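Examination of the molecular architecture
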Amino acid sequence: MAIATMSPVTGEVLRRFDELTPEELEDKLARAAAAAASYRLTTVEERAGWLQHAADRLEKEIESVSRMITTEMGKTFRAAETEVVKCVHGLRFYAAKGPAFLRDLEGDGGRVGAKQTFVTYQPIGVVLAVMPWNLPLWQAMRFAAPALMAGNVGLLKHASNVPQCALFLEELFRDAGFPDDVFQTLLISAGRVEQVLRDPRVAAATLTGSEPAGRSVATIAGDEIKKVVLELGGSDPFIVMPSTNLERATDVAVKARCLNNGQSCINGKRFFVHQDVGDAFIEMFVAKMGALVVGDPMDEGTDVGPLATESGRRDVESYVDDAVSKGATVLLGGERPDGPGWFYPPTVMTGITPEMRMYHEEVFGPVAQVWTVPSLEEALREANGHPYGLGSNLWSEDEAERELFVRDVQSGMAFINGNTTSYPEIPFGGVKRSGYGRELSHLGMREFMNAKTVWIGQDA
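Given the structure is predicted, the values throughout are model-derived calculations rather than measurements.

Scoring rules and cut-offs
Residues numbered from 1 in each chain as written. Predicted model: local features only at pLDDT ≥ 70, side-chain atom pairs only at ≥ 80, totals over all residues. Heavy atoms only, no water. Helix = DSSP H or I, 4+ residues; strand = E, 2+ residues; numbered from the N terminus. Contact = heavy atoms within 4.5 Å. Areas by Shrake-Rupley, 256 points an atom, 1.4 Å probe, with all protein chains shown as cover. Lys, Arg positive; Asp, Glu negative; His and termini not counted. Charge placed at Lys NZ, Arg CZ, Asp CG, Glu CD. Core = buried A, V, L, I, M, F, W, Y, C linked by side-chain atoms within 4.5 Å. Buried < 20%, exposed > 50% of the residue type's maximum accessible area, 1.4 Å probe, protein only. Pairing = 2+ DSSP bridges. Axes fitted to C-alpha atoms, helices over the stretch in contact; angles between N-to-C directions. Right-handed = clockwise from strand over helix to strand, strands pointing away. Salt bridge = Lys/Arg side-chain N within 4 Å of Asp/Glu carboxyl O. Arc of directions from axis to C-beta. Polar contact = N/O pair within 3.5 Å; in protein donor to acceptor, adjacent residues only side chain to side chain.

**Structural notes on the overall build of the chain**
- Helices and strands together make up the secondary structure of the chain, namely 15 helices and 20 strands.
- When its C-alpha atoms are laid out on the principal axes, the chain stretches across 75 × 55 × 40 Å.
- Long-range pairs, those at least 24 residues apart, make up 71% of the contacts in the chain between residues at least 6 apart in sequence.
- For the chain, the computed accessible surface area is about 18600 Å², with 51% contributed by carbon and sulfur atoms.
- For the chain, the distance from the average position of its 45 positive side-chain charges to the average position of its 63 negative side-chain charges is 4 Å.

**Some points on the nonpolar core**
- Within the largest apolar cluster, 91 residues are counted, with the highest numbers of intra-cluster contacts made by Leu58, Leu128, Leu137, Met141 and Phe173.
- Per-element accounting of this core gives the leading share, 10 residues, to helix 5 (residues 138-150).
- Core analysis: the next-biggest nonpolar cluster, separate from the first, contains 27 residues, Phe272, Val320, Met356 and Leu380 among them.

**Some remarks on the environment of Thr71**
- Tracing the backbone through its elements, the reader meets Thr71 in helix 3 (residues 62-73).
- In this structure the C-alpha to C-alpha distance between Thr71 and Leu14, which are 57 residues apart in sequence, comes to 9.2 Å.
- Residues within four places of Thr71 in sequence aside, it is in contact with Thr5, Met6, Ser7, Pro8, Leu14 and Met298.

**So, the sheet that holds strand 8 (residues 202-208)**
- Spatially, the 6 strands line up as an open sheet ordered 7-6-5-8-9-19, and their pairing is mixed. Two strands close off the open sheet at either side, each with one partner strand: strand 7 (183-185) and strand 19 (435-436).
- As paired strands, strand 5 (residues 126-130) and strand 6 (residues 153-157) are joined by 5 bridges and run parallel to one another. Bridge assignment links Leu128 to a residue of strand 6, and that residue is Leu155.
- Those strands touched by helix 6 (residues 163-175) are strand 6 and strand 7, and its axis lies near 160° from that of strand 7.

**What to know about the pairing of strand 6**
- Among the 5 residues in strand 6, 5 count as buried, and that is most of the element.
- Of the two faces of strand 6, the one carrying Val153, Leu155 and Lys157 and the one carrying Gly154 and Leu156 are both buried.
- Note that the unit made of strand 5, helix 5 and strand 6 has a crossover that is right-handed.
- Looking at chain direction, strand 6 and strand 7 are connected through 3 bridges and run parallel. By the bridge assignment, Leu156 is partnered in strand 7 with Thr185.
- Handedness of the strand 6-helix 6-strand 7 crossover: right-handed.

**Some remarks on the side chain of Ser235**
- With respect to the secondary-structure elements, Ser235 resides in the loop between strand 9 (227-231) and strand 10 (236-240).
- The exposure class of Ser235 is buried, given its relative accessible area of 3%.
- Setting aside residues up to four positions removed in sequence, Ser235 forms contacts with Lys269, Arg270, Glu361, His386 and Tyr388.

**A short note on the pattern of salt bridges**
- One pass over the structure, following the stated rule, counts 35 salt bridges.
- The partner of Arg198 in a salt bridge is Asp223, and the shortest N-O contact between them spans 2.7 Å. Of this pair, Arg198 sits in helix 7 (residues 193-198) while Asp223 sits in helix 8 (residues 211-224), placing them 25 residues apart in sequence.
- Judged by its relative accessible area of 29%, Arg198 falls in the partly exposed class.
- You can call Asp223 exposed: its relative accessible area is 53%.
- Here Arg357 and Glu361 are joined by a salt bridge, their closest N and O atoms 3.7 Å apart.
- Taking the relative accessible area as the measure of exposure, Arg357 reaches 31% and is therefore partly exposed.
- Residue Glu361 is classed as partly exposed on the basis of its relative accessible area, which comes to 32%.

**A word on helix 14 (residues 399-408)**
- Looking only at helix 14, the buried set comprises Glu401, Leu404 and Phe405. Seen from one end, helix 14 has its buried residues packed into an arc of 100°, which puts them on one side. Within helix 14, the exposed residues directed more than 90 degrees away from the buried face are Ala400, Glu403, Val406 and Arg407.
- Of the surrounding secondary structure, the elements contacted by the buried residues of helix 14 are strand 10, helix 13 (376-384), strand 16 (393-395) and strand 17 (415-416).
- Two to three positions downstream of the cap, the backbone nitrogen of Ala400 sits 2.9 Å from a side-chain oxygen, assigning the N-cap of helix 14 to Asp398.

Written out as structure tokens, the structure reads:
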């Protein structure tokens, strides 16, 4: 895939970028390794200050950066603004909380025959981040902010269709005062990730992306015995019980399915509704999905912009066509509009069965699958039958139902009466084929640190 900015609205190539030559890539790797040797010796106060400077600068450029995001991947300008604001918050969160996360963890020396014992958290060096296009700043930031606060050096291999966002991040950290080469962008194709990950100067990797990409990176990292964090696909269940407020639940269901033009791993994708409120939910859900405005993502009145890539729209179409050919019912949408760009309408489907691809796989676009179920237990059985386990969502006012959901849903995150999202303050990640490891919070920072045990004997 060419490294280029291509408008999802028109399909026009707006700007092309040259891929790094072998010599240029080698130079970047050498400079990253040199930077890691010195950057690890900087103080936590210095790193916190640089993160704060980055936040201040980004805050001043919210409008221009949001326009860049929308231009490159097609989300609405309002959604892009929200993403940039979240990045500002993430930077400030780690600037404020990072020093506490990095404090030594004292142990009970007397119980192990020592005068003192503690765990000290130390950076591991150069970390490669392979990031996707759907949240081009936030996905990278939730790696970069904790990694840089921890004293690690970052190499960003971003998606090939968001090169301007990738280069902006390198510029942002450099201009914030971080030492030279502490954060670098690598404009390379996906086929060259293996070379970088196998390089002995690279200590670990983090990847957010598809299951095949995760499997490839995990295999390489395993062969090299290097740490890797994987955040892969999701087909999150959204369970609605009779005790909830249907007006509120359907409002959030629409947002959960169509946020980011339906292109997020934690979008609600499979809706399991108790049969007692099934007809009412479906009627309200279809009406609200149908009221969404699809159009130019720069327009304030637009709710859903185009999909980010032409191939992405083809994938969504193939899932819908496959399901329809095998008996599924389309209640809304289901056909691409005429005209330029990679638009696809909000779509609601029922009658999804195991013979259909979308039953087992992730549909990365604004397509909702709805089932009615007789009980929460049946909803959980269906929800847990999927190979992914990233986020999950329950709408219920019943305490026993909430407890059952938290106990039994097979996911890395469980949200009740609110939309699944990510915050710097809480861990983010999944189970099963959604990957392993955690991003954000203190857990995300410590994924790429050496938790070194120190034991000091009694004085002679």
